[in-house]
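Okay, here's what each chain looks like letter by letter:
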Amino acid sequence: MKLRDLYTKIKDILKEASESSGSEALSILSKVTGRSREGLLMDFEEEVSEAQSQLAISLARKRASGYPLQYITEKCYFYGLELYVCEGVFIPRMETEVLVDLSLQVIEEKNIELVADVGTGTGCIAIAIALNSQCEVFATDISEKALRVAKKNAEKYQVQIGLLKGPYLEPLLHFLDRVQLIVSNPPYVSTLAQLPPDVQKEPSEALFAGEDGLDFYRNFFSVPSLLRGKTIIMEMSPEQESGLRELLQSLGTLSFFKDQFNRTRFFKLEME
Ligand code: SAM
Ligand code: GLN
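Small disclaimer: the values here were computed from a predicted structure and weren't measured.

**Q** It is not clear to me how the nonpolar core should be interpreted in this structure. Could you clarify?
**A** Within the largest apolar cluster, 57 residues are counted, with the highest numbers of intra-cluster contacts made by Ile-10, Ile-28, Ile-129 and Ile-161. When residues no more than four places from it in sequence are discounted, the contact partners of Ile-129 are Val-100, Ser-103, Leu-104, Ile-107, Val-115, Val-137 and Val-183. With 29 residues, the next largest nonpolar core counts Val-179, Phe-220, Leu-227 and Met-236 among its residues.

This is how it looks when you write it as structure tokens:
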């Protein structure tokens, strides 16, 4: 089969699952043939092997059944970076880029020298901060797999990030007095939520945080004295604003920020 015909075939398979079936078809063909997207267009008249055609078609069917494209291509994009991602690790979202902007502002305003990213996943937030500031950066996760992926991504961009395994503040305890800013996109989805098929393929420990989605915050802030004087910036779900106000207001100065879609998506807490 010619590449052109294979492209048309997998684009058709993808049509039902995606509004950008043409672009996704190119991504899958690029993965299968090892060509760049531009290279594919130039080679459209060339023949592809039967094995490659079969593989491309089966990946397109997998994608059409609701499997995330990023897990197929093993690539995701965040803050201008191309990062490695694979099944078992949360795929960075565009909204979280705003969390990086908010963090960089605070880093500049307060001359922050040491930042910790709790629940780093692919390492996207930590790497973006390390590349765009002079800060020393630590990143933690409970997932061994996430930490391996974050290490690979940090090496790709040649940034030094201290990667530590453990829940909440635990991996930071022995140097917590030096940590001035803690940032996090934690799990905040309600266990009662009905998620779209592609999100269901992401690791549940990256998403769910109890019935009201607030369990991570409750645990993280359970010993407020540990966080005295620090700034915390975290992502949240828009409908959690009042719950978070109730939980955090008494601990310091609390403010909320919106994402690119004008939805309340982050809070900053300056701990007393
Ligand atoms: N920061 C990445 C991003 O924005 O793409 C990943 C965010 S994902 C929503 C949450 C991450 O937190 C997952 O990688 C998960 O393994 C990790 N995680 C979940 N519970 C945690 C806990 N108690 N302590 C530390 N990390 C946790
Ligand atoms: N925004 C994610 C979603 O699409 C949830 C992310 C999180 O829990 N941190 O469901």
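The discussion continues.
**Q** When you look at the sheet that holds strand 3 (residues 114-118) in this model, what are you seeing that I'm missing?
**A** The pairing of strands in a sheet comes from backbone hydrogen bonds and takes either a parallel or an antiparallel form. Overall, mixed pairing links the seven strands, which are arranged 5-4-3-6-7-9-8 in an open sheet. Unpaired on one side and paired on the other, strand 5 (161-165) and strand 8 (252-258) mark the two borders of the sheet. Each adjacent strand pair in this sheet contributes to an overall mean axis angle of 20 degrees, direction not counted. The sheet contact formed by strand 4 (residues 136-141) and strand 5 spans five bridges and is parallel. Residue pairing across strands places Asp-141 opposite Lys-165, the latter belonging to strand 5.

**Q** So what exactly am I meant to see when it comes to the site of ligand 1 here?
**A** Gly-119, Asp-141, Tyr-168, Asn-185 and Ala-206 are the nearest of the 20 residues found near ligand 1. With respect to ligand 1, the backbone of Tyr-168 contributes an N or O atom lying 3.0 Å from a nitrogen atom. With respect to ligand 1, the side chain of Asn-185 contributes an N or O atom lying 2.9 Å from an oxygen atom. Calculation on ligand 1 without its partners gives an accessible area of 600 Å², and the protein chains cover 96% of this total. Judged by the fraction of its atoms near the pocket grid, ligand 1 is located in the largest pocket. Here the residues of the shell around ligand 1 are counted per class, giving eleven nonpolar, seven polar and two charged.

**Q** Help me understand the pairing of strand 7 (residues 231-235) in this model?
**A** Moving residue by residue along a regular strand, the side chains alternate between the two faces of the sheet. The buried count for strand 7 comes to five of five residues, which makes it a mostly enclosed element. Judged by which residues are buried, strand 7 turns out to be covered on both faces: Thr-231, Ile-233 and Glu-235 on one side and Ile-232 and Met-234 on the other are all buried. Relative to strand 7, strand 6 (residues 181-184) runs parallel, the two being bridged by four bridges. Bridged to Val-183 within strand 7 is Ile-233. Across five bridges, the pairing between strand 7 and strand 9 (residues 264-271) is antiparallel. Looking at strand 9, one finds that Thr-231 is bridged to Glu-270.

Analysis parameters
Residues numbered from 1 in each chain as written. Chains lettered and ligands numbered in written order. Predicted model: local features only at pLDDT ≥ 70, side-chain atom pairs only at ≥ 80, totals over all residues. Heavy atoms only, no water. Core = buried A, V, L, I, M, F, W, Y, C linked by side-chain atoms within 4.5 Å. Buried < 20%, exposed > 50% of the residue type's maximum accessible area, 1.4 Å probe, protein only. Contact = heavy atoms within 4.5 Å. Pairing = 2+ DSSP bridges. Helix = DSSP H or I, 4+ residues; strand = E, 2+ residues; numbered from the N terminus. Axes fitted to C-alpha atoms, helices over the stretch in contact; angles between N-to-C directions. Near = heavy atom within 4 Å. Polar contact = N/O pair within 3.5 Å; in protein donor to acceptor, adjacent residues only side chain to side chain. Areas by Shrake-Rupley, 256 points an atom, 1.4 Å probe, with all protein chains shown as cover. 1 Å grid on protein atoms, 1.4 Å probe; cavity = no way out; pocket = protein on both sides within 12 Å on 5 of 7 lines; lining within 4 Å. Sits in = over half its atoms within 2 Å of the grid points. Nonpolar A, V, L, I, M, F, W, Y, C, P; charged D, E, K, R; others polar.

The values reported here are purely geometric and, on their own, carry no functional implication.
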